[in-house]
Amino acid sequence: MKKMLALFGSLFLFTSIVFAADPAVGLWKSVDDQTGEVTALWRIYEKNGILYGEIAATIGFPQDVVASACKESYKGFPVAGPVNKMHTVGTPWIFGMEKVSAGNWKGGNIIDPGSGKMYGCVIKYLAPGETNKKYTAKVPTLAMAGTVGPIQVFQYWVKATEDDVKAAQKKYPAEH
């Protein structure tokens, strides 16, 4: 009986590890690298082995703001229709990310819905105490790099909660 319990316990632990969500998946606050201010709340999710990110709530703008600065279309954009008519909230601005290892993704793109510029994207999860370049994470952090050719510009995003999303939605409600 003890062997059977040990076997089931091992199987349960193995299954939990295999099916655990990637540490990059979840809610994150994007933080402006110049001002340190939160710019948006993002929902990062994995679908069919590809990582996506959509804005869950805007900061400083109504929740139904349209990304009018964007172009009508972008190569590889995962949603059909004119991008410059899509809402900032709920649209996958991060797309096509391929997993390198747990918490590390590359090969996709990120679009800045405020400017319409598209960049290559690299995402690296940092546990507290881990370092990326000269930055050491104090809390769970995503090192987010927008890339143009060999140049990478990092922002460091911190964990968010559903309460953070609700607070932003309440503070900056939809106008229509």
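A quick note: this is a predicted structure, and the numbers were derived from the prediction, not measured.

## Focus on the environment of Thr39
- Within the element layout of this structure, Thr39 appears in strand 2 (residues 38-47).
- As for Thr39 and Ile59, which are separated by 20 residues in sequence, their C-alpha atoms are 5.5 Å apart.
- Those residues in contact with Thr39, other than ones at most four positions away along the chain, are Ser30, Val31, Asp32 and Ile59.

## Quick look at the pairing of strand 2
- Pairing geometry for strand 1 (residues 26-31) and strand 2, over six bridges, is antiparallel. Within strand 2, the residue paired with Gly26 across the bridge is Ile44.
- In this structure, the hairpin formed by strand 1 and strand 2 is closed by a connection of six residues, where Gly36 is found at a positive phi of approximately 80°.
- With eight bridges connecting them, strand 2 and strand 3 (residues 50-58) associate as antiparallel partners. Considered in strand 3, the bridge of Glu46 is made with Leu51.
- Linking strand 2 to strand 3, which pair antiparallel, is a turn of two residues; within it Asn48 sits at a positive phi near 55°.

## Considering the side chain of Ser30
- Among the structural elements, Ser30 can be located in strand 1.
- Within the local environment of Ser30, its side chain forms a polar contact with the side chain of Thr39, the two groups lying 2.5 Å apart.
- Apart from the residues lying within four places of it in its own chain, the contact partners of Ser30 are Glu37, Val38, Thr39, Ala40, Trp42 and Trp157.

Procedures and definitions
Residues numbered from 1 in each chain as written. Predicted model: local features only at pLDDT ≥ 70, side-chain atom pairs only at ≥ 80, totals over all residues. Heavy atoms only, no water. Helix = DSSP H or I, 4+ residues; strand = E, 2+ residues; numbered from the N terminus. Contact = heavy atoms within 4.5 Å. Pairing = 2+ DSSP bridges. Polar contact = N/O pair within 3.5 Å; in protein donor to acceptor, adjacent residues only side chain to side chain.

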